[in-house]
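As a plain string of letters, each chain reads:
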Amino acid sequence: MERSSNRLFTTQDILGFAVLAVIIFIVLPMALDSFRLNLFGKYLTYAFVAVGLVLCWGAGGILSLGQGVFFGLGGYCMAMFLKLEASTPKNTAIQSTPGIPDFMDWNQLTALPWWWEPFNSLFFTMIAVVAVPVVFALIIGVAMFRRRVGGVYFAIITQAFAAILTILIIGQQGFTGGVNGITDLRTLHGWDIRTNDAKEVLYFVNAGLLFACLLIAQFVRKSKLGRLLIAMRDQEDRVRFSGYDVASFKIFIFCLGAAFAGIGGAMFTLQVGFMSPTLVGIVPSIEMVIFCAVGGRLSILGAVYGALLVNWAKTSLSESFPELWLLGLGGLFIAVVMVFPNGLAGVYAEHIAPRLSGLFGGKTGAAKSPKETPAE
Amino acid sequence: MTDRKIPKSLAGPSRRAFMAGSAAMTASLFAPKALFAQDYPTAQINTTGLAVTDDTVTIGILHSVTGTMAISETGSVQAEKLAIEQINAQGGILGRKIEYIQEDGASDWPTFAEKARKLLVNDKVASVMGCWTSASRKAVLPVFEQNNGMLYYPTFYEGLEESPNVIYTGQEATQQIIAGLNWVNETKGAKSFYLLGSDYIWPRTSNKIARKHIENFMDGCEVVGEDYYPLGHTQFNSVINKIRLKKPDVIYAIVVGGSNVAFYKQLKAAGIDMTKEAPIVLTISVTEDEIRGIGGENMEGAYACMKYFQSLDNDNNIAFVKAFKDMWGEDIVIGDVTQAAYLGPWLWKAAVEKAGSFDIDKVREAQIGVELETAPEGYVKVHENHHLWSKTRVGRAKLDGQYEVVFETADLVEPNPFPEGYQ
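Note that the coordinates shown come from a computational prediction; the quantities given were computed from them, not determined experimentally.

**Here we look at the overall build of chain A**
Line of reasoning, step 1. Of regular secondary structure, chain A possesses 15 helices and 2 strands.
Line of reasoning, step 2. In terms of overall dimensions, chain A is globule-like: its C-alpha atoms have a radius of gyration of 21 Å, near the 21 Å expected for 376 residues.
Line of reasoning, step 3. Reported as C-alpha extents along the three principal axes, the dimensions of chain A are approximately 70 × 50 × 40 Å.
Line of reasoning, step 4. Residue pairs at least 24 apart in sequence account for 78% of intrachain contacts in chain A once pairs closer than 6 positions are excluded.

**Topic: the overall build of chain B**
Line of reasoning, step 1. Scanning chain B from N- to C-terminus turns up 16 helices and 15 strands.
Line of reasoning, step 2. The C-alpha radius of gyration computed for chain B amounts to 21 Å, which stays within 12% of the reference 22 Å derived for 423 residues, consistent with globular compactness.
Line of reasoning, step 3. Seen through its principal axes, chain B has C-alpha atoms that stretch 70 × 45 × 40 Å.
Line of reasoning, step 4. Here chain B holds 423 residues, and the buried ones make up 56% of them.

**Some remarks on the domain arrangement of chain B**
All names here are of chain B.
Line of reasoning, step 1. Domain boundaries in chain B define domain 1 (2-171 + 312-391) and domain 2 (173-306).
Line of reasoning, step 2. Centre-to-centre separation of domain 1 and domain 2, based on C-alpha positions: 31 Å.
Line of reasoning, step 3. Contact residues are listed per partner, giving 15 residues for domain 1 and 13 residues for domain 2.
Line of reasoning, step 4. Among the secondary structure elements, those contributing two or more residues to the side of domain 1 that touches domain 2 are helix H5 (70-89) and helix H15 (336-355).

**Here we look at the UniProt feature "transmembrane region" (unreviewed entry) in chain A**
All names here are of chain A.
Line of reasoning, step 1. Residues annotated in UniProt with the feature "transmembrane region" (unreviewed entry) correspond here to residues 14-32, 44-66, 122-145, 152-171, 201-220, 241-268, 288-312 and 324-349.
Line of reasoning, step 2. The span residues 14-32 is 95% helix and 0% strand, and its two end C-alpha atoms sit 26 Å from each other.
Line of reasoning, step 3. The distance separating the terminal C-alpha atoms of residues 44-66 is 19 Å; by composition the span is 70% helix and 0% strand.

**A short note on the pairing of strand S1 (residues 56-63) of chain B**
Looking along a regular strand, one sees side chains alternate from face to face of the sheet.
Residues and elements named next belong to chain B.
Line of reasoning, step 1. Where burial is concerned, most of S1 is hidden: 7 out of the 8 residues are buried.
Line of reasoning, step 2. Direction of pairing for S1 relative to strand S2 (residues 97-104): parallel, over a ladder of 8 bridges. Residue pairing across strands places Leu62 opposite Glu103, the latter belonging to S2.
Line of reasoning, step 3. Direction of pairing for S1 relative to strand S3 (residues 128-130): parallel, over a ladder of 3 bridges. The partner of Gly60 across the bridge, within S3, is Val128.

**Digging into the interface of chain A and chain B**
Line of reasoning, step 1. Taken residue by residue, the interface counts 29 residues in chain A and 31 residues in chain B.
Line of reasoning, step 2. Put simply, the parts of the chain that give the side of chain A that touches chain B at least two residues each are helix H2 (34-59), helix H6 (151-171), helix H13 (300-320) and helix H14 (325-339) of chain A.
Line of reasoning, step 3. Among the elements that take part in the side of chain A that touches chain B, H6(A) stands out by supplying 3 residues, more than any other.
Line of reasoning, step 4. Class assignment for the residues of the side of chain A that touches chain B results in 13 nonpolar, 12 polar and 4 charged.

**Remarks on the sheet that holds S3(B)**
Within a beta sheet, neighbouring strands are joined by backbone hydrogen bonds and run either parallel or antiparallel to one another.
All names here are of chain B.
Line of reasoning, step 1. The sheet built from 5 strands is open, its strands ordered S2-S1-S3-S4-S5 with parallel pairing. What marks the edges here is a single partner per strand, and that holds for S2 and strand S5 (166-168). Taken over all neighbouring pairs, the strand axes of this sheet differ in orientation by 25° on average, direction set aside.
Line of reasoning, step 2. Inspection of the sheet shows S3 paired to strand S4 (residues 151-153) by 2 bridges, in the parallel sense. When the bridges of S4 are listed, Met129 appears paired with Tyr152.

**Brief notes about the packing of helix H3 (residues 67-86) of chain A against helix H5 (residues 122-145) of chain A**
Residue and element names in this part refer to chain A.
Line of reasoning, step 1. Put simply, H3 and H5 touch, their axes get as near as 9 Å, and they point 160° apart. Compared by their axis directions, H3 and H5 come out roughly antiparallel. Crossing handedness for the pair H3 and H5: right-handed. Listed contacts from H5 to Val69, Phe70, Leu73, Gly74, Cys77, Met78 and Phe81 of H3 are Leu122, Thr125, Ala128, Val129, Val132, Pro133, Phe136 and Ala137.

**Regarding unusual backbone geometry**
Line of reasoning, step 1. Here Ala278(B) and Pro279(B) are connected by a cis peptide whose omega angle stands at 0°.
Line of reasoning, step 2. Look at Asp184(A): it is not a glycine, yet its phi comes out positive at around 60°.
Line of reasoning, step 3. With respect to the helices, strands and loops of the structure, Asp184(A) is situated in the loop between helix H7 (173-176) and strand S1 (187-188).
Line of reasoning, step 4. Assessed through the 20 C-beta atoms surrounding it within 10 Å, Asp184(A) is described here as buried.

**Focus on the environment of Gly264(A)**
Residue and element names in this part refer to chain A.
Line of reasoning, step 1. Relative to the assigned elements, Gly264 resides in helix H11 (residues 246-272).
Line of reasoning, step 2. Classification of Gly264 by C-beta neighbours within 10 Å gives buried; the count is 32.
Line of reasoning, step 3. Sequence-distant contacts of Gly264, that is, excluding residues within four places in its chain, are made with Thr45, Tyr46, Phe48, Val49, Phe71 and Gly74.

**Concerning the environment of Ile254(B)**
Residues and elements named next belong to chain B.
Line of reasoning, step 1. In this fold, Ile254 is placed in strand S8 (residues 250-254).
Line of reasoning, step 2. Given 24 C-beta atoms within 10 Å, Ile254 falls into the buried group.
Line of reasoning, step 3. Separated by 188 residues in sequence, Ile254 and Thr66 have C-alpha atoms that sit 24 Å apart.
Line of reasoning, step 4. Among residues more than four places away in sequence, those in contact with Ile254 are Leu196, Gly197, Ser198, Pro203, Ser206, Asn207, Thr283, Ile284 and Ser285.

**With respect to the sheet that holds strand S14 (residues 393-397) of chain B**
All names here are of chain B.
Line of reasoning, step 1. Ordered in space as S7-S6-S8-S9-S10-S14-S15, the 7 strands form an open sheet in which the pairing is mixed. Looking at strand neighbours, the two that pair on one side only are strand S7 (222-229) and strand S15 (403-408), the edges of this open sheet. Put simply, the sheet's adjacent strands are angled 25° from each other on average, direction ignored.
Line of reasoning, step 2. Here strand S6 (residues 192-198) pairs with S7 via 7 bridges, running parallel. Across the sheet, the residue bridging to Ser198 is Tyr229, located in S7.
Line of reasoning, step 3. Packed on one face of the sheet, helix H8 (residues 173-188) meets S8, strand S9 (280-283), strand S10 (303-306), S14 and S15 and runs near 165° to S9.

**Concerning the nonpolar core**
Line of reasoning, step 1. Grouped together as the largest cluster of nonpolar side chains are 176 residues, with contacts concentrated most on Ala47(A), Ala50(A), Val51(A), Val54(A), Ala303(A) and Leu347(B).
Line of reasoning, step 2. When residues of this core are assigned to their parent elements, the largest contribution, 16 residues, is made by H11(A).
Line of reasoning, step 3. Each of two domains, domain 1 (2-171 + 312-391) and domain 2 (173-306) of chain B, supplies a minimum of three residues to this core.
Line of reasoning, step 4. Judged by nonpolar contacts, the second largest core, of 50 residues, contains Ile214(B), Ile251(B), Val256(B) and Val286(B).

**Brief notes about H11(A)**
Line of reasoning, step 1. For H11(A), with 27 residues, the first-to-last C-alpha span of 39 Å sits near the 39 Å given by 1.5 Å per residue.
Line of reasoning, step 2. Residue Gly273(A) follows H11(A) closely and has a positive phi angle near 95°.

Calculation notes
- Residues numbered from 1 in each chain as written.
- Chains lettered and ligands numbered in written order.
- Predicted model: local features only at pLDDT ≥ 70, side-chain atom pairs only at ≥ 80, totals over all residues.
- Helix = DSSP H or I, 4+ residues; strand = E, 2+ residues; numbered from the N terminus.
- Rg over C-alpha atoms; globule rule 2.2 N^0.38 Å.
- Contact = placed C-beta atoms within 7 Å.
- Buried ≥ 20, exposed ≤ 12 C-beta atoms within 10 Å, placed from the backbone.
- Domains from an automatic or database assignment.
- UniProt positions renumbered as here; feature names shortened; annotations may be inferred.
- Pairing = 2+ DSSP bridges.
- Nonpolar A, V, L, I, M, F, W, Y, C, P; charged D, E, K, R; others polar.
- Axes fitted to C-alpha atoms, helices over the stretch in contact; angles between N-to-C directions.
- Parallel < 35°, antiparallel > 145°, perpendicular 65-115°, else oblique.
- Left-handed = near helix turned anticlockwise from the far one by under 90°.
- Core = buried A, V, L, I, M, F, W, Y, C linked by C-beta atoms within 7 Å.
- Expected span 1.5 Å × (residues − 1).

As structure tokens, this is what we get:
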């Protein structure tokens, strides 16, 4: 390929990042009221997962249908901290055992389980938000990739993990809040997260973290690792025969995707104010793959647009047609997959970028337009 | 015995009975009751910027119309729309017609929270009729408390909650459980109970209350088994075998959703004939709506403990059932929660008129002590803990999917969401 694609940022990339930054940091906050901005903040938490999926699936060819697991683990870690902070003996005076979360009291627990204790610390929680999903992904990754499980089998197994974790959370309701999830979260270190001001601050924190993740993802894509991933996706055996440890690369990228998802989950909990098993299971996990597919699974920026667009469509369709919206949304997905198999990013690369580069007379577009056809 | 009891206790409300049930055409007859908008200037009755104009007031309806809960929540949506139409036909509230914005919770708790916020913050609705599962209520609760909205919640539920921003129009657990257990003990001589439920907060809390009541307040009675199964579970043969070994007098079943169908079919297949009452099956989770899925032939002979049955024989209910069928079709059945949802708009209307204002704080204050003589279930009254005083009734399922009412408490049962001695 051209030498230009080895640089961390081509002119095209810088333009793409700048446009997205303008939209997220300036246009949306100015154009939207506090309620809608909070909604977009929620959508952006899904973008963390979608970016991780671009790396795993688009670049590495590892389709995970269980990203909700990592999103949920990150979210639950944060929710546990917030719940402990909200469950002061004063707030829970009516309980049989004041000072423990309300759902534990309802389930006849009389003491805080030992593994909840560390979540009294914000510092520990912030580490756990990333570490717990990564450790989980590491275990799955080592177990699967070392045995050379891949493709469809891997997708099915990740889906099974999503189902298992959901059942576990629902079944162990004394420890996890069950179907209801962990609700009624109030403050973060004394700072009320329910106010409109707090939600605006959280939106910008969320957007900043997302850009940090995007930069990491961009770095990975442009590094030697990124090119190896694409090579593995297209011809795994050749890479192996060239002496590379394929499994380690796959485990790494899978863990990175999990870390992104965990951060997204924690930001979700902060902005929405609760965490429940409905965000962990198979359906949300597949939805997250859809965000990625609509945006274009080869483009990290496309993933962000995909998450925003699909969720925005979901919200506005369901507001306008409360009884029919699912049909409309389903139709939209089918249309996207049939007409634009490479998603929004594909539309951009094939139709818009060539014209833009024609306009500017530069050759910058050339680096991005070669059709990266995925292996599956 | 029981036949005598019912008409007597329901004799009271007939005087204003058809007001609640009557449709548009009769409304003009009652025009003197209607209040005129010009007597209530918008600026005075709406000081907090709610969606109230000189001739309309907007409220929200927030239920799942898609996803797994849609089948349960549809009845509530229909009941609320019927109530709104009837109120409008009578001239509305303070001379203003009710308009509604319907949002879909999509059986997804974060979506409920999102839509609740949209209704309160963007649409500034004056009240919201909504939610069904406890999980969805828990998800929207912080939104209502933070934005000071008013939610009318229709489902019988586990209690342990008393929000200043919610009016609970269904029963909390003790209202649904205690009278039924006493009844089965006193009239059927039942002494041993097997508790069974789906595995989440409502069945667990309800069974906890049932167990405490059986062990502490019912002489010589005992619980011989207690089991829980995940939502959606369909294999009940092992527990049915356990039940046959323990030979309890009563199977106390709080199985919900799709599991119900499997449970009652397998019970029948295992040779437990509920019409013979050996053992008696008593449930608090199967309304007429659920029987449609289970099938009347699989449910015949079971007892259910509710506050409302479609077959209630009183003037309010006859008019309500007729209006409901006129609006939504002959085949429709009406369960306990549907009736509770129907009360929501009426209770809110009564509170607004009592307060002479749509302001949430004034409505909240006025809501306490509001009585509704036109309720299909009879007469209800709002307790200061935001729940309703209402009767507990026991019905026996018939082949046609309806319940025959066999018992009702003589007096209204006081709501007690935080029962002492049952924790």
